[in-house]
Amino acid sequence: MRNFISERARTIPPSGIRKFFDLALSMEDVISLGVGEPDFRTPWNICESSIYSIEQGVTSYTPNKGLPALREALSNYLKQHYGLTYNADNEIIITSGVSEALDIAVRALVDPGDEILIAQPSYVSYAPCVTLAGGKPVPVECTESDKFRLNPDALLEKITRKTKALMINFPNNPTGAVMNRKDLEAIADIVIDKDLLLVTDEVYAELTYEGSHIAAATVSDLWERTITLNGFSKAYAMTGWRVGYLCAPKDLCETILKIHQYVMLCAPVMGQVGALEALRSAEEDKNNMVNEYRLRRNMFVAGLNRIGLSTHIPEGAFYAFPTVKGTGLSDTEFAERLLKEQRVAVVPGSVFGVGGESHLRCAYAVSRKQLNEALARMDIFLNSL
Amino acid sequence: MDDKDLEILRILEDNSRLSAQEIGMMICLTTVETEARIQALETAGVIRKYTAVINWELAGNGEVSSIIELKVSPERDYGYDRIAERLSRFRQVKSLRLMTGTYDLQLLVTGRNMQDVSRFVSEHVAPMDRIRETATHIIMKSYKENGNMLFEQQEAERLPYSF
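Moving on to the overall build of chain A. Within chain A, the regular secondary structure consists of 13 helices and 12 strands. What you see for chain A is a C-alpha radius of gyration of 21 Å, in line with the 21 Å of a compact globule of 385 residues. Summarising its shape, the C-alpha atoms of chain A cover approximately 60 × 55 × 55 Å along the three principal directions. Every one of the 385 residues in chain A was classed for burial, and the buried ones make up 50%. Within chain A, residue pairs in contact and separated by at least 24 positions form 75% of the contacts whose partners lie at least 6 positions apart.

Within chain B, the regular secondary structure consists of five helices and six strands. Against the compact-globule benchmark of 15 Å for 163 residues, chain B has a radius of gyration of 21 Å, which places it well outside the compact range. Based on the C-alpha atoms only, the size of chain B along its principal axes is roughly 60 × 40 × 30 Å. Taken across its 163 residues, chain B has 15% of its residues classed as buried. Look at the contacts in chain B between residues 6 or more apart in sequence, and 55% of them connect residues 24 or more apart.

All names here are of chain A. In spatial order, the strands read β9-β12-β11; together these three strands make up an open sheet with antiparallel pairing. Each having just a single partner strand, β9 (319-320) and β11 (347-348) make up the two edges of the open sheet. As paired strands, β9 and strand β12 (residues 360-363) are joined by two bridges and run antiparallel to one another. Residue pairing across strands places Ala320 opposite Cys362, the latter belonging to β12.

Here the focus is the interface of chain A and chain B. Each partner contributes to the interface: chain A provides 20 residues, whereas chain B provides 11 residues. Of all elements in the fold, only α2 (18-26) and α11 (283-306) of chain A reach the threshold of two or more residues within the side of chain A that touches chain B. Its residues assigned to classes, the side of chain A that touches chain B shows 14 nonpolar, four polar and two charged.

With that settled, the discussion passes to the environment of Ile31(A). Residue and element names in this part refer to chain A. Looking at the secondary structure, you find Ile31 in strand β1 (residues 31-32). For Ile31, a count of 23 C-beta atoms within 10 Å puts it in the buried group. As for Ile31 and Thr218, which are separated by 187 residues in sequence, their C-alpha atoms are 40 Å apart. For Ile31, the residues in contact, after removing those within four places along its chain, are Arg343, Val344, Gln370, Glu373 and Ala374.

Attention now goes to the nonpolar core. As a rule of thumb, soluble globular proteins bury nonpolar side chains together. Grouped together as the largest cluster of nonpolar side chains are 131 residues, with contacts concentrated most on Ala105(A), Met167(A), Leu246(A) and Tyr364(A). A per-element tally of this core places helix α5 (residues 97-109) of chain A first, with eight residues.

So, on to the sheet that holds strand β3 (residues 105-111) of chain B. All names here are of chain B. The strand order β2-β3-β1-β4 describes an open sheet built from four strands, whose pairing is antiparallel. The open sheet has two edge strands with one neighbour each: β2 (93-98) and β4 (131-138). This sheet shows a mean twist of 20° between the axes of neighbouring strands, independent of strand direction. Judged from the seven bridges that link them, strand β1 (residues 64-72) and β3 form a sheet pairing that is antiparallel. Residue pairing across strands places Ile67 opposite Leu108, the latter belonging to β3. Taken strand by strand, helix α4 (residues 81-88) contacts β1, β2 and β3, and its axis lies near 165° from that of β2. The strands touched by helix α5 (residues 114-125) are β1, β3 and β4; relative to β1, the strand with the most contacts, the crossing angle is about 20°.

Turning our attention to the packing of helix α12 (residues 331-342) of chain A against helix α13 (residues 368-384) of chain A. Residue and element names in this part refer to chain A. Orientation of α12 relative to α13, taken along the N-to-C sense of each, is 110°, at an axis distance of 10 Å. The pairing of α12 with α13 is recorded here as roughly perpendicular in orientation. Residues Leu338, Glu341 and Gln342 of α12 form the contact with α13, whose own contacting residues are Arg377, Met378, Ile380 and Phe381. In terms of residue class, the contact of α12 with α13 is built from four nonpolar, one polar and two charged.

So, about helix α3 (residues 44-55) of chain A. Note: α-helices contain 3.6 residues per turn, so residues at a spacing of three or four share the same orientation. With 12 residues, α3(A) extends 16 Å from end C-alpha to end C-alpha; this agrees with the ideal 16 Å at 1.5 Å per step. Positive backbone phi, at 85°, marks Gly57(A), one or two positions downstream of α3(A).

Turning next to the domain arrangement of chain A. Residue and element names in this part refer to chain A. You can read the domains of chain A as domain 1 (7-42 + 284-384) and domain 2 (60-281). Residue-level contacts link 32 residues of domain 1 with 35 residues of domain 2. For the side of domain 1 that touches domain 2, the secondary structure elements donating two or more residues are α11 and β9. By residue number, the principal contributor to the side of domain 1 that touches domain 2 is α11, which donates six residues. When the residues that make up the side of domain 1 that touches domain 2 are grouped by side-chain class, the tally is 15 nonpolar, nine polar and eight charged.

Here the focus is the packing of helix α4 (residues 68-82) of chain A against helix α10 (residues 269-281) of chain A. Residue and element names in this part refer to chain A. Where α4 contacts α10, the two axes come as close as 9 Å, and the packing angle between them is 35°. The chirality of how α4 crosses α10 is left-handed. Across the interface between the two elements, Ala69, Leu70, Ala73, Leu74 and Tyr77 of α4 pack against Gln272, Ala275, Leu276, Leu279 and Arg280 of α10. Looking at the contact of α4 with α10 residue by residue, the class counts come to eight nonpolar, one polar and one charged.

Turning to the pairing of strand β3 (residues 115-120) of chain A, a few remarks are in order. Residue and element names in this part refer to chain A. Where burial is concerned, most of β3 is hidden: five out of the six residues are buried. Where β3 and strand β4 (residues 136-141) come together, six bridges link them in parallel fashion. Across the sheet, Ile116 pairs through a bridge with Pro137, a residue of β4. Bridge count for β3 against strand β5 (residues 163-168) is four bridges, and the pairing is parallel. By the bridge assignment for β5, Ile116 is matched with Ala165.

What the domain assignment reports for chain B is domain 1 (3-43) and domain 2 (64-140). Between the C-alpha centres of domain 1 of chain B and domain 2 of chain B the distance comes to 35 Å.

All names here are of chain A. Pairing of β5 with strand β6 (residues 197-201) involves four bridges; the strand directions are parallel. Along β6, the bridge assignment pairs Leu166 with Leu198. Read from β5 through helix α8 (residues 181-193) to β6, the crossover connection turns out right-handed.

Quick notes on the rules
Residues numbered from 1 in each chain as written. Chains lettered and ligands numbered in written order. Predicted model: local features only at pLDDT ≥ 70, side-chain atom pairs only at ≥ 80, totals over all residues. Helix = DSSP H or I, 4+ residues; strand = E, 2+ residues; numbered from the N terminus. Rg over C-alpha atoms; globule rule 2.2 N^0.38 Å. Buried ≥ 20, exposed ≤ 12 C-beta atoms within 10 Å, placed from the backbone. Contact = placed C-beta atoms within 7 Å. Pairing = 2+ DSSP bridges. Nonpolar A, V, L, I, M, F, W, Y, C, P; charged D, E, K, R; others polar. Core = buried A, V, L, I, M, F, W, Y, C linked by C-beta atoms within 7 Å. Axes fitted to C-alpha atoms, helices over the stretch in contact; angles between N-to-C directions. Parallel < 35°, antiparallel > 145°, perpendicular 65-115°, else oblique. Expected span 1.5 Å × (residues − 1). Domains from an automatic or database assignment. Left-handed = near helix turned anticlockwise from the far one by under 90°. Right-handed = clockwise from strand over helix to strand, strands pointing away.

So this is what it looks like as structure tokens:
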């Protein structure tokens, strides 16, 4: 029998931590700092309104772009919170999570051989999405010395005639790095000068702890060449609901909508109803959760530094990104032994691409009690080395 | 009172057993600074007391709690204050509030049993001057107290890893 699997599908790497996953599942009493999702339940007002809508028989397809009321509410929300201007009628698409938004955006952009720059360390799906669309992912390293922000010189170095777009994610998963307006202006100059498109994944926007989030599309003249991605998963503890959104200027949005129509039709209606309720009534729930993350961050990062794992203070998201340099172990060895010997699960930084090696991603979206227990176990582990 | 003080209050309201060191780490203050702030808040009377939220039903204690609504004729010059303060002094009165709506004062009263509560109301509260009417509601079961759920909730399962 022939090998029916396409070369693209064959060559994309499997998710880097499959073996960790199986190992952790087989063990008892594991504290997992490996989970990139809130530990809170979805606020009840959101759940309740979605349950009610199901009882009322709201169970059919929605318009491809998403429920008009949701797009309208979102358009207002983005304007109020970030100064972003997107028309509810033709510049917003509700997607099945940011994952789908990312995929359809990339597919709309990439021709065979196009190079797409990815600021790394980055979320694991960016590069495979580009590969699957027939493009070439090109990492741009964000280094610890730049506080994991995207350095304009590093960006310039990677631009070739084939470069079409730049993908960024700030606040960043896995580093927690944030770009302020000045940082973004420096990047904007290059993006505009080199005539690139910007894809910005801002799903952690609400989880910004110092000052307020700067939406990339509000910087310089980036709006007309930016696709903004965001979603409800992280801010409202709605990961399983699968609701994200994509915003882009009208013409671009129309093209992307074609792909969304064919591959997804629409995002799940019960998720969209919940998302609408989130915008209407969950502001305070969200603020309470964000505040709790901030307390945990301060406590956890201080704890990591105290036990000897040097960690910069992450300004956003809910990840600490300590370095393991000086322990004599690679990030993967460290993570594997820590799991086996002390039953604490963390993700090796190398999973997130260049710049991630020698680091660990530790999600502090777990209770303070668990964080303290994890710190105690990590301390024992470090002393045993 | 600044933002740090407010943060300390919120943290303590949720868990008053945390040490000054732990609280300090959460809000980027030293232990000494945190202790001083807590002490100042205590001295100023902002922090009244440190208590526990207890599910008495689970503890096997059969105390009876009731909400008592009072219609009261306010006093010239004092309004409701004097009578409210007078009622507050009773050990049995756990909370007392002035309300808008169909009645004036709302009391949370606890006693060892139903007789205990009704004796308290009929002997001490109802005969008091200026109290025009009382309505006593026995609490049958508490599901939530001070923001804390008193029923068991199932833990949702999470994956050990996700990105």
